[in-house]
Amino acid sequence: MAKRSNGRLTPEELSGFCAEVALMLSAGMPLYDGVEALADAERSEIYQTLNQNVTQTGSLYQALKADSRWPRYLTEMAGVGERTGRLEQVMNGLAIYYEREGRIRGAIVSAVTYPLVLGIMMLLIVLVMIVKVLPVFRRVLDSMGVALNESGNLLMQVGTNAGWIVLVAVGLVVLAALVCVVLMRTALRPRVLHALRRVFPPLRRLSRDMSASRVASVLSMMLSGGFPLDEALEMVPNVLPDAQAAEQIQEIRRKITSGGAFADALAESGIFTPVHSGMIRMGIAAGREDQVMSKIAETSEEQVEEGISELVSIIEPTLVALLCLVIGAILLSVMLPMAGIISNII
């Protein structure tokens, strides 16, 4: 597995790592032997560091936590797996999760990269037309002793203004997209995602489904492992993708501490849909809340994947439509001055 330039592993590589760890555990291989075998096979610095940390601590969770290059979600879920004695199941689930994340990320990149490149090309084309091409028309006409009439001058000015408007509009869109791409690779990623969720409603729904999936997944494993409810809720905020969901979990803990019912506090938090809240009530009544949580986690993950697929299918035609408008504006910026020149000569 090749690393990225910043030392972090891609989702596909993380999926492979989790699958390999799960396979070793299912075969009865001790953790330190399995990680050592991975380090020897991969021969990369991140695996060598992981091997050293596992040897020193004897814990996959502690080894991952000691290296900030490993995702927080993977680290915390490994901790949950070790505490519940279900590390193999957790790693299998993470392998599927990161495989899905890789597919989704690839779809988003392919849907956004092509229109972004076209937008940059449009910027260059419009800039060349305004700065180089249109002034050449004026100089040629002046050298030929042909003067534009009032309507021709107006058309030339309208075309030039249209070109500048297109240039500024497309430039702002491209610049905003590039800034978001760069910031998403920095420590400001949570703030950028929060801002995007505020201005882009579909992202809010996806974030809610992702939070519901992670909450249900952790609670399922912790409860099935025999951990008290309060201890299970204490673990949940560590794996949530946004601060708002973490605060909702803290509010649930406060209500339960004050004597409130778990099902009521969970329903009032808004983390789960009314349908899922009803399923949780039934699961608690039947004493099978861990199984219900597992089913909700699976359903929420499917909703996240479907939602992102729908979002990508909306983004691509929208960008194509915007590009058509840009092309139309470019044609106007050329054809209007040309029409003025032709009308003057005729």
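Okay, so let's go over this structure. If you're wondering where the values come from, they're calculated on a predicted model, not measured in any experiment.

What to know about the overall build of the protein
When its secondary structure is counted, the protein shows 14 helices and zero strands. Secondary structure elements in the protein, listed N-terminal to C-terminal, are α-α-α-α-α-α-α-α-α-α-α-α-α-α. Taken across its 346 residues, the protein has 40% of its residues classed as buried. Of the contacts made within the protein by residues no fewer than 6 positions apart, 61% connect residues no fewer than 24 positions apart. Here the protein has roughly 18,600 Å² of accessible surface; of this, 63% comes from carbon and sulfur atoms.

Things to note about the nonpolar core
Judged by nonpolar contacts, the single largest core of 60 residues is most densely connected at Phe17, Leu60, Trp70, Leu74, Met91 and Phe272. When residues in this core are grouped by element, the largest group, eight residues, is from helix α9 (residues 201-224). In contact with Phe272, other than residues within four places in its own chain, are Ala212, Val215, Ala216, Leu266, Ser277, Ile280, Met293 and Ile296. Formed by eight residues, the second largest nonpolar core is a distinct cluster that contains Val126, Ile130, Val166 and Leu167.

Description of the packing of aromatic side chains
In the structure shown here, the tally under the stated rule is three aromatic pairs. Considering the side-chain rings of Phe17 and Trp70, the 4.8 Å spacing of their centres and the 40° angle between planes classify their relative orientation as tilted. Highlighted residues: Phe17 in helix α1 (residues 11-26) and Trp70 in the loop between α4 (60-65) and α5 (72-84), separated in sequence by 53 residues. Phe17 gets classed as buried once you look at its relative accessible area, which sits at 0%.

Cut-offs used in this document
- Starting afresh in each chain, residues are numbered from 1 along the sequence in its written order.
- Per-residue local features are limited, in this predicted model, to residues with pLDDT of at least 70; the limit for side-chain atom pairs, both in listing and counting, is 80 or more; totals at the level of whole chains, interfaces and linings are taken over all residues.
- Working from all heavy atoms in the structure, the side-chain values ignore hydrogens and water.
- Each helix corresponds to a stretch of at least 4 residues labelled H or I by DSSP, and each strand to a stretch of at least 2 residues labelled E; elements are numbered beginning at the N terminus.
- Each residue gets one of three labels from its accessible area relative to the maximum for its type: buried under 20%, exposed over 50%, partly exposed in between, using a 1.4 Å probe on protein chains only.
- Between two residues, a contact is recorded if the distance between any of their heavy atoms is within 4.5 Å.
- Throughout, the Shrake-Rupley method with a 1.4 Å probe supplies accessible areas, and for residues the shown protein chains are the sole cover considered.
- Here, the term nonpolar core denotes a set of buried Ala, Val, Leu, Ile, Met, Phe, Trp, Tyr and Cys residues that are joined through side-chain atoms within 4.5 Å.
- Paired rings are identified among Phe, Tyr and Trp, the last through its six-membered ring, by centres lying within 6.5 Å, and are further divided according to the angle between planes into stacked (under 30 degrees), edge-to-face (over 60) and tilted (the rest).

Nothing here speaks to function; it is all geometry.
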